[in-house]
Structure formats: C-alpha cells, structure tokens
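A structural walkthrough
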Amino acid sequence: MFDGLPEYPWKKLKPYEEIARQHPNGMVDLSVGSPVDPTPQVIQDALIQATNAPGYPSTAGSLELRQAIVDWFALRRAVPNLSTDQVMPSIGSKELISFLPLFLGLGKGDVVVQPRVAYTAYVVGASLVGAEIISSDDPDEWPANTKLIWLNSPGNPDGKVLDVPALRKAVKRARELGAVLASDECYAELGWGQWAETRIPSLLDPAVSDGNQENLLVLYSLSKQSNLAGYRAAFAAGDKNLIQPIVNLRMHSGLMMPAPVQQAVIAALGDHQHVLVEREIYRSRRDLLLSAVKNYGFTVSDSEAGLYLWASLGEDCWSTVRRMAELGILVVPGEFYEAGGSEYVRFSITATDDKIAEGANRLSNAIKLNS
Ligand SMILES: Cc1ncc(COP(=O)(O)O)c(C=O)c1O
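These notes cover the structure that comes with them. (Residues numbered from 1 in each chain as written. Predicted model: local features only at pLDDT ≥ 70, side-chain atom pairs only at ≥ 80, totals over all residues.)

1. With respect to the packing of helix α4 (residues 93–103) against helix α5 (residues 121–129)
The following threshold applies: Helix axes use the C-alpha atoms of the stretch in contact, all axes being lines fitted to C-alpha atoms, and the angles between their N-to-C directions lie in the range 0 to 180 degrees. Secondary structure elements are taken from DSSP: a helix is a run of H or I of four residues or more, a strand is a run of E of two residues or more, and numbering for both begins at the N terminus. Note: crossing handedness is left-handed where the near helix turns anticlockwise from the far helix by less than a right angle, and right-handed where it turns clockwise. Residues are treated as contacting if the C-beta atoms built from their backbones sit within 7 Å of each other. When residues are sorted by character, Ala, Val, Leu, Ile, Met, Phe, Trp, Tyr, Cys and Pro go into the nonpolar class, Asp, Glu, Lys and Arg into the charged class, and all the rest, Gly among them, into the polar class.
Two numbers describe how α4 lies on α5: the axes approach to 7 Å, and their chain directions differ by 35°. Crossing geometry of α4 relative to α5 is assigned as right-handed. Listed contacts from α5 to Lys94, Ile97, Ser98, Phe99, Leu100, Pro101 and Leu102 of α4 are Ala121, Tyr122, Val124, Gly125, Ala126, Leu128 and Val129. The residue makeup of the contact of α4 with α5, split by class, is 11 nonpolar, two polar and one charged.

Right, here's the structure in full:
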C-alpha cells in the first residue's frame, strides 16, 4: 500500500469537536469550507433536464461546455480569445490538483512549489509522485529543479490576493525555470474591501501573461460561488500543450465529468445573477463575524477575499482552537496549512446566518465575561 501520505489531518480536530459539541446551545462549526446555501434553481433545473444520459460523456467536455467556459473567462476573468481546446472540465478541482504532478510526469528529484500558507492538496500531489514540496511565496527562492509552481489567489486559508505585479513576477521566474505555473483561483468572485469593486486578476489575464500562455494553467471551481460542491464541478484553462495531453491521460483513466453535471455547469456559467446573490449573503456573514473576531482580540491578516478569516491571538494555534472549542466554536488550526507550527486559526463563513450570528454572539459575550 502507498504510505507516502500522513494521516488525514482533520482527525486531530476530533477531540476539540467533542468539546465544542458539549456547549449547551450546540456547536457552531466554522471549520469546514463546505457551502450550506441551496444550489441555485437555474442550475438544479439544468441538471434535472439532463438526467437521461445513457452514453459516456466526453472527457474533454462537450463543445457547448467548453464554449461556455471560454465565454465565461472572457466575461468574468478578463481572459479573451481562449480557444475551446485550451479548456477542460474536472471532477471538482481537488482531484486535478492532486493528480497534476502525476499527469506532468514529475517524480523524485523534482520540486513542486506551493504558497507558504497553503491549501492541503498541493502537498498531496507532490507526495503521490515522490517530488519534493517547497513552501515559498518568493520567486527568487524557487530552486532550479522546480517543475511545478502552485499559486492560490485568493488564498485558502489566508484570503491573500496576488495583484498583477506579483503575478507577473511569478510568471517571469517560472519562465526562467521552464516550470509549469498553475494558479488555483476558485474564490476570485468573492473579493472584499479593495477587491470588492476591482477584479481579482487571473494568471491568464493578458496584463499578467502578455498573451503568452505557454506553461500556464488556471484551475477554477464552482463549488463555492455557485453552491455546487456536491456536483463536483470545476475546470481548467491555459496552455493547449498542457491541456490536451492531460485530457488524453484522463480519457485513459476514465476521469469524466458526468453529462448531467456538464449541463449544470453550462447553466451556472451562463447566469451571473446567482453569484451576486450568494456574494451578498457571504458579505453580511463576513461583516458580522469579522467584527466579533476583531473585538474578541484577534488580529486578522490578509482575508481580503474568499470564505475565511485568518486570525491570530499570538499564541500556539492549538491553544486558540481549544479556547474557541470551549465557547462551542470549532475552527481549524493554522498548522494544517503552515509548515513548522502556526499561531493562526481559520474561521470559515460558510455556515448559516443563524450559526454565524450565534458564533458572533458567543465571542462578544466571552469578552463581556472577561472584562
Ligand atoms: C484553494 C482551493 N482549491 C481547490 C479547492 C477544491 O475545490 P473543489 O474540489 O470542490 O472543486 C478548495 C476547496 O476548499 C480550495 O479551497
């Protein structure tokens, strides 16, 4: 059995979940980033219309789906003129993240770079092929044997956004190294503060890439912005010379997006209204939780976009996890995302309005008790 991966880290949170569950008014679970609001009706309807699907779906995605992805990139991500052979569907983006190093033929002696504070799937992909993982946000630190670099903007867990100059610097260094530069951008429609009105840039934006997409890939998921995590609906775009061999490998492996889901994605990409509605829901949850978290005494870093607050009390993250669990609030220790220990925890805003209000209340009452 392959044993290159540690135990799934979330198991370490179990004892704190037990503590939080003992709260007389129940647990407020702000740990996972799993959406709770209904899947928009327009998308459900498209899925229902497509339930008669006796034949195999296209691994590459139907032409209609690929055209919808191309059009969406032009409209929402300022990436014009992609061709339909530069895009492909994936079964959620986590699988593609985890298998990309394998598809690229990486192995021992190769380096995969991920952000210093990173979503957990990048290390999984590197481990599966025996490549070395390096956590660094500084392109000057990326070593000569780097073969794949992951960017994640807006970031999970820290909500950090990379602006055009930062993306350009990464592109320049990746080109020097001849490495693939992959950008995971699934929170791009959920910008706050300065990013509420300004478009969060894509790696494929010509202002970043100068129109040269060689060795560049963008991954996008509809799990968050369209409440589609249960459908497994995502896609990638970029260099045709990466996309087409990946589609070929996926064809051999049977990694196909189901036909009804392909129809649902077309509907989701064609309707921006539901994204705006969902964004307003998250905005009010975030405002409420952010002010309670700050008033409690947390320092909140980055968190300029996406569905998380990256917050610190200046103590070891597990002490903060316990402190919150005793208030019946479950949060994630930063150690899951940051090598070498962390003083941060992650609060998720993907809970119902009632739960967010209850969590904010408990934080406010705890300050009153302590003062
Ligand atoms: C940064 C990032 N990338 C990718 C994913 C995976 O999304 P999915 O597999 O649902 O498409 C997540 C989910 O939390 C994420 O936070």
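2. Quick look at the nonpolar core
Using the following cut-off: A set of buried Ala, Val, Leu, Ile, Met, Phe, Trp, Tyr and Cys residues, joined through C-beta atoms within 7 Å, is what we mean by a nonpolar core. Exposure classification rests on a simple neighbour count of other C-beta atoms within 10 Å of a residue's own: a residue reaching 20 or more is buried, one at 12 or fewer is exposed, and one in between is partly exposed. C-beta atoms are placed from the backbone. For the domains described, the bounds stem from an automatic or database domain assignment.
Core analysis: the largest hydrophobic core is formed by 115 residues, its most contacted members being Ile69, Leu148, Ile149, Leu181 and Ala264. If you tally residues by element for this core, the top one is helix α9 (residues 259–269), at seven residues. Each of domain 1 (9–38 + 274–370) and domain 2 (42–271) gives at least three residues to this core. The residues contacting Ile69, other than those within four sequence positions of it, are Val87, Phe235, Ala237 and Leu269.

3. Some thoughts on the site of the ligand
Counted only if it meets this: Placing the C-beta atom from the backbone, one calls a residue near a molecule or strand if that atom lies within 6 Å of it.
In the vicinity of the ligand there are 13 residues, among which Gly92, Lys94, Asn156, Ser221 and Ser223 approach most closely. Looking at the shell around the ligand residue by residue, the classes come out as four nonpolar, seven polar and two charged.

4. A closer look at the environment of Glu315
Residue position: Glu315 is located in the loop between β10 (308–312) and α11 (317–326). Looking at Glu315, the number of C-beta atoms within 10 Å reads 10, which means it is exposed. Residues Glu315 and Glu343, spaced 28 residues apart in sequence, show a C-alpha to C-alpha distance of 5.3 Å. Excluding residues within four positions of it along the chain, Glu315 makes contact with Thr320 and Glu343.

5. Some points on the pairing of strand β3 (residues 111–114)
We count it as follows: Pairs of strands are assigned from DSSP output, requiring at least two bridges between the strands. Classification remark: right-handed applies to a crossover when, strands pointing away from the viewer, the course from the first strand over the helix to the second runs clockwise.
Here β3 shows no split at all, with Val111 and Val113 on one side and Val112 and Gln114 on the other all buried. Two elements, β3 and strand β4 (residues 132–135), share four bridges in a ladder whose sense is parallel. Each bridged residue has a counterpart across the sheet, and for Val111 the counterpart in β4 is Glu132. Traced from β3 through α5 to β4, the parallel crossover comes out right-handed. The pairing of β3 with strand β5 (residues 146–152) spans three bridges and is parallel. Of the residues in β5, the one forming a bridge with Val111 is Thr146.

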